[in-house]
Amino acid sequence: MNPQAKLLSITSLFLGSTITITSSHWIMAWTGLEINTLAILPLISKSHHPRAIEAATKYFLVQAAASALLLFSSMTNAWYTGQWDITQLTHPTSCLLLTTAISIKLGLVPFHFWFPEILQGTSLTTGLLLATVLKFPPITLLLLTSPSLNPTLLTAMAVASAALGGWAGLNQTQTRKILAFSSISHLGWMAIILVYNPKLTLITFYLYCLMTIPIFLTLDTIKTLKLTTMSTAWTKIPPLTATLMLMLLSLAGLPPLTGFLPKWLIIQELTKQEMTPTATIIALLSLLGLFFYLRLAYCATITLPPNSINHMKQWQTNKSTKMLTTTFITLSIMLLPLSPMIFAAP
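Residues numbered from 1 in each chain as written. Predicted model: local features only at pLDDT ≥ 70, side-chain atom pairs only at ≥ 80, totals over all residues. Heavy atoms only, no water.

Here is the rule we go by: UniProt positions are given in the numbering used here, feature names are shortened, and annotations may be inferred rather than shown by experiment.
Taking an unreviewed UniProt entry as the reference, the protein chain is identified by name as NADH-ubiquinone oxidoreductase chain 2 belonging to Thamnophilus aethiops. UniProt, in its Catalytic activity (unreviewed entry) section for the protein chain, records the words "a ubiquinone + NADH + 5 H(+)(in) = a ubiquinol + NAD(+) + 4 H(+)(out)".

The following block contains the structure:
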């Protein structure tokens, strides 16, 4: 891809996100989301592979439908209340339409079908942008409108997302699809606490990004797209593959790693809200995710592929791991001791 075109796309991506995050008017928020959609399309289709073109087309159609719903929701609210302010979304129909629109943009169940397919059709670096940067503006809109949203609907969608993200990830052999279903499952954790503690949703999203970024960067470094290639990639950069296991276990939410923190805080908050059955269900559903994270970790570090065909070991590379990757790896594993600071925050 032309460097100038890539720079323009990435700049537009951050510009669109900034416009949406900082706006208080619905039209400006919608404009930012549209800029985001148009900016990511060249990055999805840059390989010119039929699969990438298909992914770009699907992404455009899904996001266009979601944007139209969001615009319709804000116009309905303005029609009945005379308010274009994002925080003044009070009309029940508008709230329902907005929840649907943002769920489509994020990939929450039952509007999740597009996300794994699109992630599978793109490169790992573009997949990283789709799983982290592009989810921030819709989540910001959910945070701003959280007092008006229906808690029962969000809880039902959250539990369904956690369940489907776990179940559907079990039989996947492609690492990008596994990470897509992992993203859907984590979105369920964010959505369940949104109405009761919006700050906690934001903390969960930040920590999810912190854990997902190094996994994508590591897989991109060792050029791994399938479980079978992952099991022979350990010879390339052994220390990096060893830390990949810790990152995956952190994403699964095992103590004493960083990923345990958001799950701990969310279960604690749900218990305070007298939603112990819901907390129990979503905690049990996270065990499904733990299974496929363990399988990934097992393939990455412990086993060789059980095939009759002899796989050649890949040459060990001399190139050093980038500083950015190592920084994110450290943060994704060792942030749990900072939890008292989060408790102390107002």
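Some points on the pattern of salt bridges
Inclusion rule: A pair is scored as a salt bridge if a Lys or Arg side-chain nitrogen falls within 4 Å of a carboxyl oxygen belonging to Asp or Glu. In this description a helix means any DSSP run of H or I spanning at least four residues, a strand means any run of E spanning at least two, and both kinds are numbered starting from the N terminus. Buried residues are those whose accessible area, probed at 1.4 Å on protein chains only, stays under 20% of the maximum for their type, while exposed residues exceed 50% and partly exposed ones sit between those limits.
Summed over the entire model, instances satisfying the criterion amount to 3 salt bridges. Its salt-bridge partner being E117, residue R51 comes within 3.7 Å of it at the nearest N-O pair. On the criterion of sequence distance, the pair formed by R51 in helix 3 (residues 50–81) and E117 in helix 5 (residues 114–120) is long-range, its members being 66 residues apart. Of the residues examined, R51 reaches a relative accessible area of 33% and is grouped as partly exposed.

Quick notes on the UniProt feature "domain: NADH:quinone oxidoreductase/Mrp antiporter transmembrane" (unreviewed entry) in the protein chain
Per the UniProt record, the feature "domain: NADH:quinone oxidoreductase/Mrp antiporter transmembrane" (unreviewed entry) sits at residues 23–287. Taken end to end, residues 23–287 has its terminal C-alpha atoms 38 Å apart, with 74% of it in helix and 0% in strand.

Considerations on the nonpolar core
Where we set the bar: Among the buried residues, those of types Ala, Val, Leu, Ile, Met, Phe, Trp, Tyr and Cys that are joined through side-chain atoms within 4.5 Å form a nonpolar core. Boundaries between domains were set according to an automatic or database domain assignment. In this description, contact between two residues means that some pair of their heavy atoms is separated by no more than 4.5 Å.
Of all hydrophobic cores here, the largest spans 104 residues; its most connected members are I40, Y59 and L130. Sort the elements by how many residues they give to this core and helix 10 (residues 198–221) lands first, with 12 residues. Counting only domains with at least three residues in this core, you end up with domain 1 (1–134) and domain 2 (150–345). Residues in contact with L130, not counting those within four places in the same chain, are I40, I44, Y59, F115, I118, L119, T122 and K135.

A few points about the domain arrangement of the protein chain
Quick reminder of the rule: Here the buried area means the combined drop in accessible surface, using a 1.4 Å probe, for two parts upon being joined, counting both sides.
Segmentation of the protein chain into domains returns domain 1 (1–134) and domain 2 (150–345). Taking the mean C-alpha position of each, domain 1 and domain 2 sit 23 Å from one another. Tallying the contact residues gives 22 residues for domain 1 and 28 residues for domain 2. Here domain 1 meets domain 2 over a buried area of about 2100 Å², counting both sides, of which 76% is carbon and sulfur. The largest per-residue losses of area from domain 1 upon contact with domain 2 belong to V109, Q120 and L124, which jointly make up 31% of the total buried on that side. Counting across the domain 1 and domain 2 interface gives 1 salt bridge.

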